[in-house]
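Descriptive analysis of the structure
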Amino acid sequence: DVKVTQSSRYLVKRTGEKVFLECVQDMDHENMFWYRQDPGLGLRLIYFSYDVKMKEKGDIPEGYSVSREKKERFSLILESASTNQTSMYLCATRQDYGYTFGSGTRLTVV
Amino acid sequence: KQEVTQIPAALSVPEGENLVLNCSFTDSAIYNLQWFRQDPGKGLTSLLLIQSSQREQTSGRLNASLDKSSGRSTLYIAASQPGDSATYLCAVHDASGAGSYQLTFGKGTKLSVIP
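This report concerns the structure included in the present document. (Residues numbered from 1 in each chain as written. Chains lettered and ligands numbered in written order. Predicted model: local features only at pLDDT ≥ 70, side-chain atom pairs only at ≥ 80, totals over all residues. Heavy atoms only, no water.)

Attention now goes to the pairing of strand E4 (residues 30-38) of chain B. Residue and element names in this part refer to chain B. The buried count for E4 comes to eight of nine residues, which makes it a mostly enclosed element. In this structure, E4 lies alongside strand E9 (residues 86-94), joined through eight bridges in antiparallel fashion. Note that in E9 the partner of Arg37 across the bridge is Tyr88. In this structure, E4 lies alongside strand E5 (residues 44-51), joined through seven bridges in antiparallel fashion. Among the inter-strand pairings, Leu33 is bridged to a residue of E5, identified as Ile50. (Buried < 20%, exposed > 50% of the residue type's maximum accessible area, 1.4 Å probe, protein only. Helix = DSSP H or I, 4+ residues; strand = E, 2+ residues; numbered from the N terminus. Pairing = 2+ DSSP bridges.)

Okay, here's the thing in structure tokens:
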């Protein structure tokens, strides 16, 4: 089974901090994604990557950046955390048999 | 732009009932459709994936159907159990254009199975 591992289940950060959310997959998948999930808004795509060092903006990239230096690791960066970035963040990979998600990181910005 | 709608938003049933969750999408040019389960505070667990050329997929007590031409999918759960209580999400993988790498999600149906 594919494993998508998000390094933190819960994070609490202060406004203005630079925040790194890490995601690692163990199946050599090319495509990786970052979503955020909010009540009433559902899942929204922030960024995705279809190859090492390649990235594409999703629907809501503002305030975020990403890094993919190695195929197995896709990092989401909040350059200067704000309270409106408090959310559940979900990482995923994609292959022909569909998408596999990590267990999520609940980020609270205070 | 693809839109995915799930009805109802919430559903409560007694244990043992068979039930159907509905998903509709606006653009029939899809690559596949995937049903997920999400428990509170957790990530998404894949339940079933239906390729655009398929009509249905089955796993245990779950059966998902796809009618691409009408833009609809259903998830059928037989003999529901309290452990089935969760939010069920439908997601469509578009087959063309700028959306070709993206999943579009519905907002989910929150299922409660009462013992």
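Across the boundary between the two partners, chain B contributes 20 residues, which contact 23 residues of chain A. Between chain B and chain A, a total of about 1,700 Å² is buried, with carbon and sulfur atoms accounting for 54% of that surface. The salt bridge involving Lys1 of chain B is made with Asp59 of chain A; its shortest N-O contact spans 3.7 Å. Viewed at the interface, chain A and chain B are joined by four residue pairs in polar contact (both at pLDDT 80 or more). Elements supplying a minimum of two residues to the side of chain B that touches chain A: E4, E5, E9 and strand E10 (103-105) of chain B. No other element matches E4 of chain B, which puts five residues into the side of chain B that touches chain A. Of the residues contributing to the side of chain B that touches chain A, the split by class is eight nonpolar, nine polar and three charged. (Contact = heavy atoms within 4.5 Å. Buried area = accessible area lost by both parts, 1.4 Å probe. Salt bridge = Lys/Arg side-chain N within 4 Å of Asp/Glu carboxyl O. Polar contact = N/O pair within 3.5 Å; in protein donor to acceptor, adjacent residues only side chain to side chain. Nonpolar A, V, L, I, M, F, W, Y, C, P; charged D, E, K, R; others polar.)

Residue and element names in this part refer to chain A. Checked against the element boundaries, Ser75 lands in strand E8 (residues 73-78). Judged by its relative accessible area of 8%, Ser75 falls in the buried class. Discounting residues that sit within four places of it in the chain, Ser75 has contacts with Leu21, Glu22, Trp34, Ser65, Val66 and Ser67.

This part is about the packing of aromatic side chains. Within the structure shown, the criterion is met by nine aromatic pairs over all chains. Ring geometry for Phe33 of chain A against Tyr99 of chain A: centres 5.1 Å apart, planes inclined by 50°, an arrangement best described as tilted. Of this pair, Phe33 of chain A sits in strand E4 (residues 31-38) while Tyr99 of chain A sits in strand E10 (residues 98-101), and the two are 66 residues apart along the sequence. Connected via pairs of aromatic rings, a cluster forms that spans Phe33, Tyr35, Phe48, Tyr99 and Phe101 of chain A together with Phe36 and Phe105 of chain B. (Phe/Tyr/Trp six-rings, centres within 6.5 Å; stacked < 30°, edge-to-face > 60°.)

Residues and elements named next belong to chain B. Enumeration according to the criterion identifies two disulfides over all chains in this entry. Through a disulfide, Cys23 is tied to Cys90; the S-S separation comes to 2.0 Å. Its torsion about the S-S bond being -60°, the disulfide of Cys23 and Cys90 is classed as left-handed. Of this pair, Cys23 sits in strand E3 (residues 19-25) while Cys90 is found in strand E9, placing the two residues 67 residues apart along the sequence. (Disulfide = S-S within 2.5 Å.)

Let us now look at the nonpolar core. Grouped together as the largest cluster of nonpolar side chains are 23 residues, with contacts concentrated most on Phe25, Leu33, Trp35, Leu75, Ile77, Tyr88 and Leu111 of chain B. Of all the elements in the fold, those that place two or more residues in this core are E3, E4, E5, strand E7 (62-67), strand E8 (72-77), E9 and strand E11 (109-114) of chain B. With 21 residues, the next largest nonpolar core counts Cys23, Tyr47, Tyr64 and Ala81 of chain A among its residues. (Core = buried A, V, L, I, M, F, W, Y, C linked by side-chain atoms within 4.5 Å.)

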